[in-house]
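Notes for the structure review
Residue-level listing of the chains:
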Number of protein chains: 2
Amino acid sequence: MNPTIHDVARLSKTSKSTVSRYLNGQPVKKRTEETLKAAIKELGYHPNVNARRLVKNSTQTIGVVVDDISNNFYSGILRGIEKVANLHNYQCVYYNGVSHRQGEFGFLNLAHERQVDGLILISFLKRSPELFEKIKDLSMPVALIGDGGEGIRDHGLLSVDVNNEHGIKEIVHYLNRIGHKEIAFIAGPDEFSATSQRITGYKKALKELGLTLQPSWIVPSDWSKEGGYKAMSELINKGGMTAVIASNDETAIGALLCTHELGFRVPKHFSIAGFDDIEVSSWVYPPLTTVKQPLYQIGIEATEGLVKKMKNKEAPLQGRRLIEPNLVVRDSCMNLL
Amino acid sequence: MNPTIHDVARLSKTSKSTVSRYLNGQPVKKRTEETLKAAIKELGYHPNVNARRLVKNSTQTIGVVVDDISNNFYSGILRGIEKVANLHNYQCVYYNGVSHRQGEFGFLNLAHERQVDGLILISFLKRSPELFEKIKDLSMPVALIGDGGEGIRDHGLLSVDVNNEHGIKEIVHYLNRIGHKEIAFIAGPDEFSATSQRITGYKKALKELGLTLQPSWIVPSDWSKEGGYKAMSELINKGGMTAVIASNDETAIGALLCTHELGFRVPKHFSIAGFDDIEVSSWVYPPLTTVKQPLYQIGIEATEGLVKKMKNKEAPLQGRRLIEPNLVVRDSCMNLL
DNA sequence: ACAAGTTATGCAAGCGCTTTCCCGAAACTT
DNA sequence: AAGTTTCGGGAAAGCGCTTGCATAACTTGT
């Protein structure tokens, strides 16, 4: 059996309370401190986490809900979360399920059965209002990653997302700086909040630059390589553009493929840019100019906010935090000047 | 405050003991069962995990030690582990650190400070004998993923790995079936146990097929794309082979790149095969013929073994388990017949 | 040197559950 | 119907820790 606090007290001829207080950083006499330290070392004592958690009424656990845990895209975020959680002596428990769809609230188990101290919900889909109700009922600190929905402020939650609008703007501006005026856009699926934000960014940037918006140059797609392929072939049929921005890298890679198969060259005939900066973006030919999503950073910030709230229930920090993505210039866009 | 077992007892006019027994599946009278069920429902009662864990003296936690948690290669394994762990109501806590190097035993914290019930060590590097000593001292169920080292059997551990030797044999045989007789091999770095196993598979397969082994056709590399590029250019200089097997997909993709850049075509001038079946293998041109590592399955099996041991300390299951990888034929190898 | 103030320490209760022990009720036996 | 066995349920102890309260041990000021 492992030594208990009682053993330490006996060996050091003090009491359990003193040992406990010493372990929790409360002041003790120099002499007692030394005796205690010696006793703890001799016994190889480590406080029992279960006992401690029982009295403190906390599991030291953060519940993390991910739409699709097998999607590698999320792993950067998860690493960020783990990092901060561990730093503050929390552990994470993952729940793989949809946190957005109507009536899909299986993740509430984490709160009731696992009794987590706080929750991080990751989903880039638009969230239902019902979700916010459920969250409020939990009366537990919750951080949202991805779409914060409308009710962030009203509901007193923390939400972290990437600044999609700004990210796309950066690419458009960059393309324009290197001489492009005819820029098309391959959008993502409607259910994602990022989709409309990125479209907005695209439109606003065109306006800022005084370029005319061709509605037919915004073609919807589905984040997939195949979708990108199809969208690109449509665009090539329409013709007229010198550059194409895809809503994510996978789509961009599909577009790349299509372009090549139709006998065109990138960036000679078409400049193509992506969004996300996934690992393979630098592997394809030509290496993709894209916008890096600071996923790790997003995970970090959400968790830091959550932890602060968990440690101090009165903490005020809330609201929407937008992380700035940054442009990664590689070789898939040609300088026309 | 949340309802406690005491509240349930009072509301149902029974005692804490009865409630507890009912919750733990022990027999109760039909009538009591109904009263209890009703009371539990009415109160929305959920047993407090901390209290339960305290008396059971178990954290219901598995410690998972990964060499490099940011390496996406591991995520399949981790998903398998999480899956089984959750199924059995365990949660995982990750430790990102080297579990192999001399003197690097930071992961022991998991055992002492976090008080995990069991440990899974993931590393494909060769393990030091010292590691096995440390593990034995823990007197805690431990499963190894990757190199099991020598002492598996002596130390009574469970070890799960992929059958590297067999995987490479399969490719060689496949290549031979489609007419290849001159097959070169790009090996991985020495520190990995898989490296020697794969080389062995390569050599044995050649022997089985009566092909002559050209020592200079085994060129060492470092798992990286750049390494693959370099190795391939060496091989092309030497010349004479019709096919090249790379020790992993990333290397194979580097080799692919090199081949193209030197003006050759795959699979026309060289057939190239990989190992792992990472996501991008099907994205490159031509899609890579490779051997799929059943990472998810590896995670599953290791965890199942561990859980069995944790639930029943007397469980005998131990030893080395080898999971069979399987050939994935795509377009990077040409049929010469 | 002594009262008053300050700080360190010990005692005991209690966190919410499981489990042993024992008793009373029900189910069997004859 | 009385005696024997079986079994469900209650009381209480205990898991290892924290913490409020009371007391003991030091400081400090005069």
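Placed above this text is the structure.
Keep in mind that what you see is a predicted model, and the values were worked out from it rather than measured. (Residues numbered from 1 in each chain as written. Chains lettered and ligands numbered in written order. Predicted model: local features only at pLDDT ≥ 70, side-chain atom pairs only at ≥ 80, totals over all residues. Heavy atoms only, no water.)

1. A word on the overall build of chain A
Tallying secondary structure elements over chain A gives 13 helices and 12 strands in all. What you see for chain A is a C-alpha radius of gyration of 26 Å, clearly larger than the 20 Å of a compact globule of 337 residues, by over 25%. Based on the C-alpha atoms only, the size of chain A along its principal axes is roughly 85 × 40 × 35 Å. The buried share among the 337 residues of chain A stands at 55%. A separation of at least 24 residues holds for 71% of the contacts in chain A among residues at least 6 apart in sequence. For chain A, the computed accessible surface area is about 15400 Å², with 50% contributed by carbon and sulfur atoms. In chain A, 41 side chains carry a positive charge and 37 a negative one; their mean positions are 9 Å apart. (Helix = DSSP H or I, 4+ residues; strand = E, 2+ residues; numbered from the N terminus. Rg over C-alpha atoms; globule rule 2.2 N^0.38 Å. Buried < 20%, exposed > 50% of the residue type's maximum accessible area, 1.4 Å probe, protein only. Contact = heavy atoms within 4.5 Å. Areas by Shrake-Rupley, 256 points an atom, 1.4 Å probe, with all protein chains shown as cover. Lys, Arg positive; Asp, Glu negative; His and termini not counted. Charge placed at Lys NZ, Arg CZ, Asp CG, Glu CD.)

2. Concerning the protein's contact with DNA strand D
Taken together, 27 residues lie around DNA strand D, and Ile5(A), Ser20(A), Tyr45(A), Thr18(B) and Thr32(B) are the ones closest in. Arg21(A) has a polar side-chain atom sitting 3.4 Å from a base oxygen of DNA strand D. Arg52(A) places a polar side-chain atom, nitrogen or oxygen, 2.9 Å from a phosphate oxygen of DNA strand D. Put simply, the parts of the chain that give the surface near DNA strand D at least two residues each are α2 (16-23) and α4 (49-56) of chain A together with α2 (16-23) and α4 (49-56) of chain B. Among the elements that line the surface near DNA strand D, the one with the most residues is α4(A), at 5 residues. Taken together, the residues of the surface near DNA strand D sort by class into 10 nonpolar, 10 polar and 7 charged. (Near = heavy atom within 4 Å. Polar contact = N/O pair within 3.5 Å; in protein donor to acceptor, adjacent residues only side chain to side chain. Nonpolar A, V, L, I, M, F, W, Y, C, P; charged D, E, K, R; others polar.)

3. Structural notes on the relation of the copies chain B and chain A
Aligned on chain A, chain B shows an RMSD of 0.1 Å; the corresponding rotation is 180 degrees and the shift along the axis is 0.0 Å. Seen this way, the second copy is the image of the first under a two-fold rotation axis. Judged by C-alpha distance, Asn50(B) is the residue of chain B that lies nearest the rotation axis, at 2.9 Å. Both copies contact each other with a shared surface, as 100% of the interface residues of chain B are interface residues in chain A too. (Least-squares fit on C-alpha atoms with pLDDT ≥ 70 in both.)

4. Topic: helix α7 (residues 129-138) of chain A
Residues and elements named next belong to chain A. For α7, the complete set of buried residues consists of Leu131, Phe132, Ile135 and Leu138. The arc enclosing the buried residues of α7, seen along the axis, measures out at 110 degrees, which places them on a common side. Within α7, the exposed residues directed more than 90 degrees away from the buried face are Pro129 and Asp137. Ser139 occupies a position one or two residues after α7 and carries a positive phi of about 40 degrees. (Arc of directions from axis to C-beta.)

5. Structural notes on the interface of chain B and chain A
Taken together, the 37 residues of chain B in the interface contact 37 residues of chain A. When chain B packs against chain A, close to 3300 Å² is buried across both sides, 50% of that on carbon and sulfur atoms. When residues of chain B are sorted by the area they lose upon contact with chain A, Asn50(B), Arg114(B) and Trp283(B) head the list and together hold 21% of the total. One can count 10 residue pairs in polar contact (both at pLDDT 80 or more) joining chain B with chain A. Mapped onto the side of chain B that touches chain A, the elements with two or more residues apiece are α4, α5 (75-87), β2 (91-96) and α12 (249-261) of chain B. Of the residues assigned to the side of chain B that touches chain A, the class counts are 13 nonpolar, 16 polar and 8 charged. (Buried area = accessible area lost by both parts, 1.4 Å probe.)

By themselves these figures say nothing about function.
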